[in-house]
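Geometric and topological summary
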Protein chains: 2
Amino acid sequence: MSPPPQATGPRPAALNRPAASNRPPPSPVPQEEGGDPSLLPLFRAVDKNGTGQLSEHELSAALVNGDWTAFDPQTVRMMIRMFDSDRSGTIGFNEFCGLWSFLASWRTLFDRFDVDRSGNISLDEFSNALIAFRYRLSPGFVELLFHTYDKRGEGVMSFDLFVQACISLKRMTDVFKKYDDDRDGYITLGFEDFLVEILKQLR
Amino acid sequence: MSPPPQATGPRPAALNRPAASNRPPPSPVPQEEGGDPSLLPLFRAVDKNGTGQLSEHELSAALVNGDWTAFDPQTVRMMIRMFDSDRSGTIGFNEFCGLWSFLASWRTLFDRFDVDRSGNISLDEFSNALIAFRYRLSPGFVELLFHTYDKRGEGVMSFDLFVQACISLKRMTDVFKKYDDDRDGYITLGFEDFLVEILKQLR
């Protein structure tokens, strides 16, 4: 039996709380009008066909890991879903600014947890990141999570997959918390609720 | 509140039971030695580099829908996982024979439920298929399921996505049944169990 997730309970304000900088970037909020003008040249370079909107294809070509490998397609789709505030299926300039700053925050975190500076996150480094994010998970589960998102079977996690794993874990945890009203670490689900929640994670 | 899935309860032997031919093909069992020799020429044609094993890439090139569009990559990976009995990550000849006959059974079902012969499954046709498969699901859920697997946003389901949707639904239902010991249509899950079951569906 696994302990309830620490993140679901009420939190003491200070003691044992990691520095704010060690915590994942907050979920996106709609960007103000305008965005960051310094990103305009980059946006224009990525917007190959000059429509003012980045397609999944254009964004895929622009998002690379530290070793210049392309992002996993699922991470690209996840970013679009998170930042496409007008639900157009594409990323406009303001949306791009939000996405870019979100990935920059993740990059800082990734570098912090990549203690041996290998450019990848090992299982040990991943475990430490999840502890810093205040998850309480068994070593067996952390290993399963790691291998699920080590999609290229490399035994280490590149930046794109680290971000994907952490965001997915956050989304799954949020669903659990939604049902765990009494915070006892157990939830009861009917058949269709169970299916619906899984389908949402597949998207 | 949704009713418990009909498929989980004990079944009366005869009345109201659809003809066996209307039900999805059973899950794969390891193939006997030898396989079907008539499939050898096809297997050799697909095995481009002549290793005697089909990679995901080779299989992707060979599996097409009725309109010759390529299979969704997730369906190809699902087929490999289901039929790769020796866990080599590739599909040998015997495994290929199982996979091929499984897809042929699905093709027959697909054609049966494609009542208007459009070459695709509409939402109505999908609903009818799920009823024939003895699922009891709300129209809202069936629509969500349909749109989740209509990955190309075409408003209809091609063969590959129909197979993927039906197999995923079966897998999710099997997980639910595993936890629903008393068959009341509700399950209780701890945090890690919940996460583990979702991760398994993502694979």
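Cut-offs applied
Per chain, residues are indexed from 1 in the order of the written sequence. As a convention, the first chain written is A and the first ligand written is 1, with the rest following in written order. Restriction of local features to residues with pLDDT of at least 70 applies here, the model being predicted, together with a cutoff of 80 or more for giving and counting side-chain atom pairs; totals for whole chains, interfaces and linings are based on all residues. The side-chain numbers reported here are obtained from all heavy atoms of the structure, hydrogens and water having been left aside. We count a stretch as a helix when DSSP gives it H or I for four or more residues in a row; a strand needs E for two or more, and each element gets its number in order from the N terminus. A simple rule labels every residue: compare its accessible area, found with a 1.4 Å probe on the protein chains alone, to the largest value its type can have, and call it buried under 20%, exposed over 50%, or partly exposed in between. We treat Lys and Arg as the positive residues and Asp and Glu as the negative residues; His and chain ends play no part in the count. Salt-bridge detection follows one rule: a side-chain nitrogen of Lys or Arg within 4 Å of a carboxyl oxygen of Asp or Glu. Residues adjacent in sequence count toward polar contacts only when both atoms are side-chain atoms; beyond that, a polar contact is any pair of N or O atoms within 3.5 Å, and within protein one must be able to donate a hydrogen and the other to accept it. Only heavy atoms matter for contacts: two residues are in contact if any of them lie within 4.5 Å across the pair. By arc we mean the arc of the directions from the helix axis to the C-beta atoms, nothing more.

Attention now goes to the side chain of A:Asp180. Residue and element names in this part refer to chain A. Relative to the assigned elements, Asp 180 resides in the loop between α7 (159-179) and β1 (186-190). In this structure Asp 180 is buried but unpaired, with Arg 183 as the nearest side chain of opposite charge at 4.9 Å. For Asp 180, the side chain forms a polar contact with the main-chain nitrogen of Asp 184, separated by 3.1 Å. Apart from residues no more than four positions distant in its own chain, Asp 180 is found in contact with Gly 185, Tyr 186 and Ile 187.

In this section: helix α5 (residues 123-132) of chain A. All names here are of chain A. Along α5, the positions that sit buried rather than exposed are Glu 125, Phe 126, Ala 129, Leu 130 and Ala 132. Seen end-on, α5 carries its buried residues on one side only, within an arc spanning 160°. Among the exposed residues of α5, those oriented more than 90 degrees off its buried face are Asp 124 and Ile 131. Check the buried side of α5 and you find it contacts α4 (93-113), α6 (139-149) and α7. Among the residues trailing α5, Arg 134 stands out with phi positive, at a value near 70°.

This brings us to the pattern of salt bridges. Using the criterion set out here, one finds 14 salt bridges over all chains in the structure. Residue A:Asp111 pairs with A:Arg107 through a salt bridge whose shortest N-O separation is 3.3 Å. Taken as a pair, A:Asp111 and A:Arg107 lie in helix α4 at a separation of 4 residues, close to a single helical turn. On the basis of relative accessibility, which here comes to 28%, the residue A:Arg107 falls in the partly exposed class. Here B:Asp160 makes a salt bridge to B:Arg152, at a shortest N to O gap of 2.5 Å. Given a relative accessible area of 0%, B:Asp160 falls into the buried group. One continuous salt-bridge network, built from bridges that share partners, spans A:Lys178, A:Glu197 and A:Lys200.

Everything listed here is a matter of coordinates, which is why it stays silent on function.
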